[in-house]
Amino acid sequence: MATIDRQTPTLALAHALAAAGRGLPVFPLSATKLPALRSPHRGEQPPAHCRGECGLPGHGVHDATTDPAAVRALFAAAPRATGYGIACGRAPHRLIGIDLDVDPAYGSDAAGALRQLALQHLFTIPPTVTVLTPSGGRHLWLTGPADATVPNSAGRLAPGIDIRGTGGYLVGPGSVTAQGRYRLAPGTAHLTPAPAPRALLRLLTRPRRPPTGTRGATLAPTPDRRGEGLIQFVLAAHEGQRNTRLFWAACRAYEHGFGDTLTDALTAAAVRTGLPEHEARAAIASAARLTSRRGDEETNGAA
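Here we summarise the structure given alongside this text. Every chain begins its residue count from 1, and numbering advances along the sequence as written. In view of the model being predicted, local features appear only for residues whose pLDDT reaches at least 70, and side-chain atom pairs are presented and counted only at 80 or more, with totals across whole chains, interfaces and linings using the full set of residues. Side-chain metrics in this entry use all non-hydrogen atoms of the structure; hydrogen atoms and water are not considered.

## Some points on the overall build of the protein
We count a stretch as a helix when DSSP gives it H or I for four or more residues in a row; a strand needs E for two or more, and each element gets its number in order from the N terminus. Across its full length, the protein holds 8 helices and 10 strands. The burial tally for the protein puts 50% of its 303 residues in the buried class. A contact between two residues is defined here by any heavy atoms of the two lying within 4.5 Å. Taking contacts inside the protein between residues at least 6 apart in sequence as the whole, the part at least 24 apart equals 72%. Each residue's exposure class comes from its accessible area (1.4 Å probe, protein chains only) as a fraction of the maximum for that residue type: buried when under 20%, exposed when over 50%, partly exposed otherwise.

## Considerations on the pairing of strand 2 (residues 83-87)
Burial within strand 2 is extensive, with 5 of its 5 residues counted as buried. Burial along strand 2 is two-sided: the residues G83, G85 and A87 and Y84 and I86 are all buried. Where strand 1 (residues 26-29) meets strand 2, 4 bridges bridge the pair, whose relative direction is antiparallel. Residue pairing in the sheet places F27 in a bridge with G85 of strand 2. The pairing of strand 2 with strand 8 (residues 169-171) spans 3 bridges and is classified as antiparallel. Paired with I86 across the bridge in strand 8 is L170. Strand pairing is assigned whenever DSSP detects at least two bridges linking the two strands.

## Focus: the pattern of salt bridges
The rule for a salt bridge is simple: a side-chain nitrogen of Lys or Arg has to be within 4 Å of a carboxyl oxygen of Asp or Glu. Taken as a whole and assessed by the stated rule, the structure comprises 5 salt bridges. One salt bridge in this structure joins R115 and D109, with 3.7 Å as the shortest N-O distance. R115 sits in the exposed class, given a relative accessible area of 52%. Its salt-bridge partner being R281, residue D264 comes within 3.4 Å of it at the nearest N-O pair. Pair noted here: D264 is in helix 7 (residues 259-272) and R281 is in helix 8 (residues 277-299), with a separation of 17 residues, a long-range link. Note on R281: relative accessible area 35%, which makes it partly exposed. Through salt bridges that share partners, D264, E277 and R281 make up one connected network.

## Thoughts on empty space enclosed by the protein
Any residue with an atom within 4 Å of a point lines the site, the site being either a cavity, points on a 1 Å grid over the protein atoms alone where a 1.4 Å probe fits but cannot get out, or a pocket, an open set with protein on both sides within 12 Å along at least 5 of 7 lines. Grid points are joined across faces, edges and corners, and a volume is the space filled by probe spheres set on the points. Applying the stated criterion to the full structure yields 1 cavity of 30 Å³ or more. Volume-wise, the largest cavity comes out at about 30 Å³. If you trace the largest cavity, you find it lined by F27, P28, P35, A36, L37, G58, G60, D63 and L74. Ten residues, namely Ala, Val, Leu, Ile, Met, Phe, Trp, Tyr, Cys and Pro, are considered nonpolar, four, namely Asp, Glu, Lys and Arg, are considered charged, and the remaining ones, Gly among them, are considered polar. Grouping the amino acids of the lining of the largest cavity by side-chain chemistry returns 6 nonpolar, 2 polar and 1 charged.

See the structure below:
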């Protein structure tokens, strides 16, 4: 685990400015990997759907910028930021992040699953920028064409493979989180993000059929097919682990930025396993509060 000290915010800003200088839109992150700035609309009823139109900082990935002065202003407003996020899907690079997880909850090899997909669909992942994560996973940076919109997803291609596309973000190399430091893989620092192979791009953008429940009933479609892997993870729960699996999946969904849109599908999946609906919704609400509080605690200077 990396040490977070007084120099960490300064180094985070330096790394963020270097990334912005390469045309990558950045914004500050807390040690929880969540945006470091509190939303200016927190507590408003009904909830605001502002994406920065108000002109104030605190809109997460929508704050991302390549302007050095604006980057400095964002970090000045978030003095405890320990890292930075890189907005995906934005010009000029239109970054696509392939997140290969090693979480044992998936029980599978994400890197091996990607290799299998490559063999099955006849594509090769070209040499590209690769970032090593503290958990032992890796982020592959690819680029997409201007006419393609790649949605964010968790487990859509295969268990353990998450996609960061339009509206999503990657933790930038040099960032320090509560789990450790993100760093460039040896031999990739000199590379630029490579174009995504056409066959892979088709997999990332094609529509998917709704997942089918374990008892033969079809679940409500998940928006943009995001989170199908999380839905299946919940459906596979046995008695005694239903609440735990649901809570874990909901936390991942909120961390990836689509928790609210996945709520109904997660609830339906949990109900299929035998969990009462009120318990399912309570678990998802707890996950939403936890992920939100993590970001607020870092922003407010809490330990």
